[in-house]
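Observations on chain architecture
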Amino acid sequence: MTELSKLTMKQAREGLVKKKFTCVELTEAFIKKIEENRNLNAFITETPELALESAKISDEKFLGNDNRKLEGIPMVIKDLFCTKGIRTTAASKILENYIPSYESTVTQKLSDAGYIMLGKTNLDEFAMGSTTTTSYFGPTVSPFKHKSDKRSLVPGGSSGGSATAVSANMCIAATGTDTGGSIRQPAAFTNLVGIKPTYGRASRFGIMAFASSFDQAGILAKNVTDTAILTEVICGYDHKDSTSLKVQVPEFEKNLNSDIRGKKVGIIKEFEGIDKINPEILKQYELAKKIIQERGAKLIEVSMPNLKYSPILYMVIAYGEAASNLSRYDGIKYGFRTKEKVDSLDDLYRKTRGEGFCRNVKKRVFVGWNMLSSENYEKYFLQAQKIRRMIFEDFQNAFKKVDVLFTPTSPNEPFAIELTKEEIDADITSNYLNDLFAIPVNIAGLPGISVPMNLTSNNLPAGVQFIGNRLDEQSILNFGLAIEEEVK
Amino acid sequence: MFLTLEKLKKVAEVAKIEVKKIEEEFFLTKVNEELSILDMILEVDTTNYTPMVNPNESTQLEEHKDEVNDGNNIEDLMNNAPESLYNYFAVPKVIKQMEE
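What comes next is a walk through the structure.

Reading the values: rules and limits
- Residues numbered from 1 in each chain as written.
- Chains lettered and ligands numbered in written order.
- Predicted model: local features only at pLDDT ≥ 70, side-chain atom pairs only at ≥ 80, totals over all residues.
- Heavy atoms only, no water.
- Contact = heavy atoms within 4.5 Å.
- Buried area = accessible area lost by both parts, 1.4 Å probe.
- Salt bridge = Lys/Arg side-chain N within 4 Å of Asp/Glu carboxyl O.
- Polar contact = N/O pair within 3.5 Å; in protein donor to acceptor, adjacent residues only side chain to side chain.
- Helix = DSSP H or I, 4+ residues; strand = E, 2+ residues; numbered from the N terminus.
- Nonpolar A, V, L, I, M, F, W, Y, C, P; charged D, E, K, R; others polar.
- Buried < 20%, exposed > 50% of the residue type's maximum accessible area, 1.4 Å probe, protein only.
- Arc of directions from axis to C-beta.
- Axes fitted to C-alpha atoms, helices over the stretch in contact; angles between N-to-C directions.
- Parallel < 35°, antiparallel > 145°, perpendicular 65-115°, else oblique.
- Left-handed = near helix turned anticlockwise from the far one by under 90°.

Quick look at the interface of chain B and chain A
Across the contact, 57 residues belong to chain B and 72 residues belong to chain A. With both chains or domains summed, chain B and chain A bury close to 5,800 Å², and 63% of this area falls on carbon and sulfur atoms. A per-residue breakdown of the area chain B buries against chain A is headed by Glu34(B), Ile41(B) and Met52(B), which together make up 12% of the total. In this assembly, chain B and chain A are joined by eight salt bridges. For Asp346(A), the salt bridge goes to Lys16(B), with nearest N and O atoms at 3.6 Å. For the pair chain B and chain A, the interface holds 21 residue pairs in polar contact (both at pLDDT 80 or more). Secondary-structure elements contributing two or more residues to the side of chain B that touches chain A are helix 1 (5-15), helix 2 (21-35) and helix 3 (74-79) of chain B. Element by element, the count of residues in the side of chain B that touches chain A is highest for helix 2 of chain B, at eight residues. Grouping the amino acids of the side of chain B that touches chain A by side-chain chemistry returns 33 nonpolar, eight polar and 16 charged.

Next up, the structure:
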């Protein structure tokens, strides 16, 4: 029998139903894996006792034939989702000991379906980053290593803890959030499937906000089928999220179909021929194009001339929204408060926030407030929002001609953690380059999925991305499945 | 766009984040690095375009009944307070002397 920690969700579900093992045994297997992999620093808070208690309840549910959709399935939760009674930190000193008194809608849905929570995973502080090296709790390490360079590698970010946990078999699947690629890029870096649903499909209630018009909850899993199952569970209208869509959630798992014959796949003209793409990534991307064509779909070039402004738009709008969202962390009602002597309320705020946020967060907040100032708001912020509409229209026009769009997920292979120590804020070109293909998807609020191709000749993961039309997660899951069937 | 140190200090004041003297150069450099690519968007002709605030513009905001449906969790809330007393959030005493 496959080692328990290597099971997919489908295999685990079948095994539990057929009583090949119990929920407690399955959970214990993952708890052991977590203990063995502490060096990867994937977790901020482990919850083994809680997990075992839940597993016992799940075993009783199976005995009573009362098992729910995710009964007994061990997962991990990015530490940006509020989990009632369990510390939730956003990987920040300012929330180091914060214990939410309420549950996020997404984790409540998972609970209602019977999942087992193994712990809260590491991330870039307040989800700001694409390497998971800015966390107050230290960087997370990828389970992958370069063929000849033995340095520790980034798992991508900001959902890097979740990515490492799934990839290193410390759990079956994980939640993440994606504001500018923070699920898809770490999925690509750790050989996983990562999906960001349409903006508004999954509730943002209880997720600590970064950029409210970009943030979306999603899933990291080992294969497309598991991803489809979990996407179905976490999506759905929530009256507590005013941007939640009142639309039915399709049966993504049941409707999975890898037959892509006759479908049209858009190749974005402005992204082809960019010289900054790593040749190994390019090789896998070109191979994926061949697979798509051999499977009977047609590649069609589309032009999206305004996409080049995406990284700047992200900086202006997302950082502006973030600056506003992070105003709530003031050390008064919850979170860290400075111990230094203060001489005014403002001084209390300044010192608390100065000590409580990491430099990367502070930098982004300064940029954000600058964008919202009276002298810049109309000139830059409103201008960016207008260009946002232009990019949205670029996508709408493209989808008149094609069913999905196709890009590499990230132009980079995973890189060494030590390279980021000075450079997180330094080389903005590469910072934005990491998310070059991912950010436009958040700008337009569309669904996007990263699926793994073959490992590169450096033994490193390479992901490719499908972008769907609004609410068309099914198409990108189907295309993902087609790739998966050829690669595995 | 380029920020002077004076402007950065103003922004930091609005953000209510202390920037120590030894950090000034760091933040000035890093913030200006970000802002250096900004002006590219000024070249775009956005005449006839309205700002897009949210990708789901057609979402109707719903009103709900003005009813209390949560609360009674004073203990949970106070547990997170840096300092509390008699179920009040306690803050440092800062009383300025009135100038005569």
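On we go.
A closer look at helix 1 (residues 9-17) of chain A
All names here are of chain A. Turning to helix 1, its buried residues are Met9, Ala12, Gly15 and Leu16. Each buried residue of helix 1 lies within a common arc of 130 degrees when the element is viewed along its axis, so the set occupies one face. In this structure, the buried side of helix 1 is in contact with helix 2 (23-36), helix 3 (48-63), strand 4 (173-177) and helix 7 (224-234).

Things to note about the packing of helix 11 (residues 359-372) of chain A against helix 1 of chain B
Viewed as axis vectors pointing N to C, helix 11 of chain A and helix 1 of chain B meet at an angle of 95 degrees, and their least axial separation amounts to 9 Å. Judged by the angle between their axes, helix 11 of chain A and helix 1 of chain B are roughly perpendicular. Residues Val365(A), Phe366(A), Trp369(A) and Asn370(A) of helix 11 of chain A form the contact with helix 1 of chain B, whose own contacting residues are Leu8(B), Val11(B), Ala12(B), Val14(B) and Ala15(B).

What to know about unusual backbone geometry
All names here are of chain A. Along the chain, Gly157 connects to Ser158 via a cis peptide bond; the corresponding omega equals 10 degrees. Note on placement: Ser158 falls in the loop between strand 3 (116-121) and helix 5 (160-167). Even without glycine at this site, Ala91 takes up a positive phi of about 60 degrees. Its place among the elements puts Ala91 in the loop between strand 2 (74-78) and helix 4 (105-112).

Examining the packing of helix 2 of chain A against helix 3 of chain A
Residue and element names in this part refer to chain A. With their axes 8 Å apart at the nearest point, helix 2 and helix 3 run at an angle of 155 degrees to one another. As judged from the angle between their axes, helix 2 and helix 3 are roughly antiparallel. With respect to the hand of their crossing, helix 2 and helix 3 are arranged in right-handed fashion. On helix 3, the residues that touch Cys23, Val24, Thr27, Glu28 and Ile31 of helix 2 are Pro48, Ala51, Leu52, Ala55, Lys56, Ser58, Asp59 and Phe62.

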